[in-house]
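# Remarks on the overall topology
Each chain, letter by letter, is given below.
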Amino acid sequence: SLPAKLINGGIAGLIGVTCVFPIDLAKTRLQNQQNGQRMYTSMSDCLIKTIRSEGYFGMYRGAAVNLTLVTPEKAIKLAANDFFRHHLSKDGKKLTLLREMLAGCGAGTCQVIVTTPMEMLKIQLQDAGRIAAQKKLMAAQAQLSSSSAAGAAEPAVERRTTATQITRELLRSKGITGLYKGLGATLLRDVPFSIVYFPLFANLNKLGQKDPNVKAPFYVSFLSGCVAGSTAAVAVNPCDVIKTRLQSLQRGVNEDTYSGILDCTKKIWQKEGPMAFLKGAYCRALVIAPLFGIAQVVYFIGIAEFLLDMLPKHRA
């Protein structure tokens with residue numbers, strides 16, 4: 001049933017995000033740093049420096065936004081894919097690869113309703129620590145190079161903003177469109193991701209089914225979700241880099257600003273080289289693999305069906 005699908009998708013998203021959010025934070029910070037202003041050399045370096053400067057919970061900056069909105073996002077994505085697969089199938093026959101890709105395309109298009117504002121708010125909170133650390137470092141360097149330490153300015157104290165404050169400011173200044181900055185880049189990432197992910201997962205999962213009418217074992221669904229998720233994540237990583245750059249409202253010192261997808265692509269290519277489009281790719285693979293592995297296990301086990309079935313018994 002649709003309610004069961006939505007609950008399953010929501011539970012799957014909550015569990016997955018909690019497990020992999022620190023890696024996602026490292027991915028965002030690695031993607032946003034530009035040549036000449038590099039704060040981190042790798043994922044582990046980013047996480048270690050984040051803990052040192054912001055504490056353990058600094059790795060979870062922006063997690064509240066994700067945990068709040070990941071339920072509808074994952075629920076829409078998984079349920080929409082099932083909906084399109086059902087309506088594209090003819091008399092219960094096996095879907096062709098093209099129809100599986102169309103179903104994934106429909107799911108990716110539907111999810112951006114929630115994904116775009118969620119990602120936009122999350123990125124601001126995740127990247128705030130990087131920008132603050134960069135400013136402190138430059139202030140310290142300026143103080144050391146100054147001939148008179150007494151005359152050097154004290155480094156500014158970081159003022160932590162919340163998702164609510166950012167949302168209010170965007171709604172006040174730009175209206176609802178402010179929350180949908182980077183919508184085109186989000187579509188450019190999520191639609192191809194779903195086109196690759198869902199057909200690949202479905203076909204990998206079928207390999208573990210002894211009987212077409214019986215679900216595959218949970219470990220098969222988990223591994224299929226991991227392999228399909230990481231493959232799709234790396235394939236669309238260039239689009240994710242562009243989306244992250246476009247959705248960042250604040251920039252570090254001397255960092256480029258972008259007017260759109262083409263402008264962003266051109267500047268990254270010219271100033272940072274083609275390898276810049278793979279920034280954070282391994283982090284993204286590490287995030288997406290367990291996230292979608294867990295999501296598919298929860299979704300296919302059907303926790304919601306169990307809970308919904310228990311309600312009448314409990315009332316009785």
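What you are looking at is a predicted structure, and each value in this text was computed from that prediction instead of being measured. (Residues numbered from 1 in each chain as written. Predicted model: local features only at pLDDT ≥ 70, side-chain atom pairs only at ≥ 80, totals over all residues. Heavy atoms only, no water.)

### Here's the deal with the overall build of the protein chain
Secondary structure assignment for the protein chain yields 11 helices and 0 strands. Partitioning the contacts of the protein chain with sequence separation of at least 6, the portion at a separation of at least 24 is 81%. Accessible surface for the protein chain amounts to roughly 15800 Å². Of this, 66% is attributable to carbon and sulfur atoms. (Helix = DSSP H or I, 4+ residues; strand = E, 2+ residues; numbered from the N terminus. Contact = heavy atoms within 4.5 Å. Areas by Shrake-Rupley, 256 points an atom, 1.4 Å probe, with all protein chains shown as cover.)

### Overview of the packing of helix α3 (residues 63-88) against helix α6 (residues 183-206)
It is the contact of α3 with α6, at a shortest axis distance of 12 Å, that shows an interaxial angle of 70 degrees. Taken together, the axes of α3 and α6 lie roughly perpendicular to each other. Contact with α3, carried on its side by Lys 77, Leu 78, Asn 81 and Arg 85, involves Phe 193, Ser 194, Phe 198 and Ala 202 of α6 and no other residues of that element. Its residues placed into classes, the contact of α3 with α6 shows 4 nonpolar, 2 polar and 2 charged. (Axes fitted to C-alpha atoms, helices over the stretch in contact; angles between N-to-C directions. Parallel < 35°, antiparallel > 145°, perpendicular 65-115°, else oblique. Nonpolar A, V, L, I, M, F, W, Y, C, P; charged D, E, K, R; others polar.)

### Thoughts on the side chain of Gln 124
The residue Gln 124 is located in helix α4 (residues 97-145) in this model. The class for Gln 124 is buried, based on a relative accessible area of 12%. Ignoring sequence-local partners within four residues, the contact set of Gln 124 consists of Ile 166, Gln 247, Ser 248, Leu 249 and Gln 250. (Buried < 20%, exposed > 50% of the residue type's maximum accessible area, 1.4 Å probe, protein only.)

### A few points about the packing of aromatic side chains
According to the stated counting rule, one finds 8 aromatic pairs in the structure shown. Seen from their ring centres, Trp 269 and Phe 277 are 6.3 Å apart, and the 40 degrees between their planes marks the pair as tilted. A relative accessible area of 8% places Phe 277 in the buried class. (Phe/Tyr/Trp six-rings, centres within 6.5 Å; stacked < 30°, edge-to-face > 60°.)

### Observations regarding the side chain of Asn 205
Within the fold, Asn 205 resides in helix α6. By relative accessible area, which is 6% here, Asn 205 ends up buried. One polar contact links Asn 205 to Ser 221, side chain to side chain, over a distance of 3.0 Å. (Polar contact = N/O pair within 3.5 Å; in protein donor to acceptor, adjacent residues only side chain to side chain.)

### Topic: the pattern of salt bridges
Within this structure, the stated rule accounts for 19 salt bridges. In this structure, Glu 54 engages Arg 61 in a salt bridge whose closest nitrogen and oxygen atoms are separated by 3.1 Å. For Asp 256, the salt bridge identified is with Lys 271, shortest N-O distance 3.0 Å. Of this pair, Asp 256 sits in the loop between α8 (237-247) and α9 (261-272) while Lys 271 sits in helix α9; the two residues are 15 residues apart in sequence, bridging distant segments of the chain. Asp 256 sits in the buried class, given a relative accessible area of 16%. Here the salt bridges share partners, and the residues they tie into one network are Asp 24, Lys 27, Glu 119, Lys 122, Arg 189, Asp 190, Asp 240, Lys 243 and Arg 284. (Salt bridge = Lys/Arg side-chain N within 4 Å of Asp/Glu carboxyl O.)

### Digging into the confidence of the model for the protein chain
Of the residues in the protein chain, 87% reach a pLDDT of 70 or more, and the chain-wide mean stands at 82. Note that pLDDT drops below 50 for residues 147-153; the model gives that stretch 2 contacts with residues more than four away or on any other chain. (pLDDT = per-residue confidence, 0-100.)

### Describing the environment of Met 138
In this fold, Met 138 is placed in helix α4. You can call Met 138 partly exposed: its relative accessible area is 31%. C-alpha of Met 138 to C-alpha of Val 253: the two residues are 115 residues apart in sequence and 8.9 Å apart in space. Among all residues touching Met 138, those that are not within four sequence positions of it are Gln 37 and Val 253.

### Quick word on the environment of Leu 88
Mapping Leu 88 onto the fold places it in helix α3. C-alpha of Leu 88 to C-alpha of Glu 100: the two residues are 12 residues apart in sequence and 8.3 Å apart in space.

### Comments concerning a nonpolar patch on the surface
A contiguous nonpolar patch, built from Phe 218, Tyr 219, Phe 222 and Leu 223 and spanning about 440 Å² of accessible area, is present on the exposed surface. Turning to its location among the elements, Leu 223 is positioned in helix α7 (residues 218-235). (Patch = residues over 30% accessible without salt bridge, like charges linked within 9 Å, V, L, I, M, F, W, Y side chains within 5 Å.)

### Concerning the environment of Thr 231
Within the fold, Thr 231 resides in helix α7. Its relative accessible area of 39% is what places Thr 231 among the partly exposed residues. Separated by 31 residues in the primary sequence, Thr 231 and Leu 200 have C-alpha atoms spaced 9.0 Å apart.

### Points about the nonpolar core
Ranked by size, the top nonpolar core spans 31 residues in total, and within it Met 43, Phe 193, Tyr 197 and Ile 288 carry the most contacts. The set of elements that each furnish at least two residues to this core consists of α1 (2-32), α2 (43-54), α3, α4, α6, α7 and α10 (281-301). With 6 residues, the top contributor of residues to this core is α1. Not counting chain neighbours up to four residues away, the residues in contact with Phe 193 comprise Lys 77, Gly 229, Ala 232, Ala 233, Val 236, Arg 284, Ile 288 and Phe 292. (Core = buried A, V, L, I, M, F, W, Y, C linked by side-chain atoms within 4.5 Å.)

### Things to note about helix α5 (residues 163-174)
Between the first and last C-alpha of α5 there are 16 Å, a value that for 12 residues agrees with the 16 Å anticipated at 1.5 Å per step. Residues Ala 163, Ile 166, Thr 167 and Leu 170 constitute the buried set of α5. Buried residues of α5 fall within an arc of 100 degrees about the axis and therefore sit on the same side. In this structure, α5 carries Arg 168 and Arg 172 as exposed residues pointing more than 90 degrees from its buried face. Positioned one or two residues after α5, Gly 175 has a phi angle of 75 degrees, which is positive. (Expected span 1.5 Å × (residues − 1). Arc of directions from axis to C-beta.)

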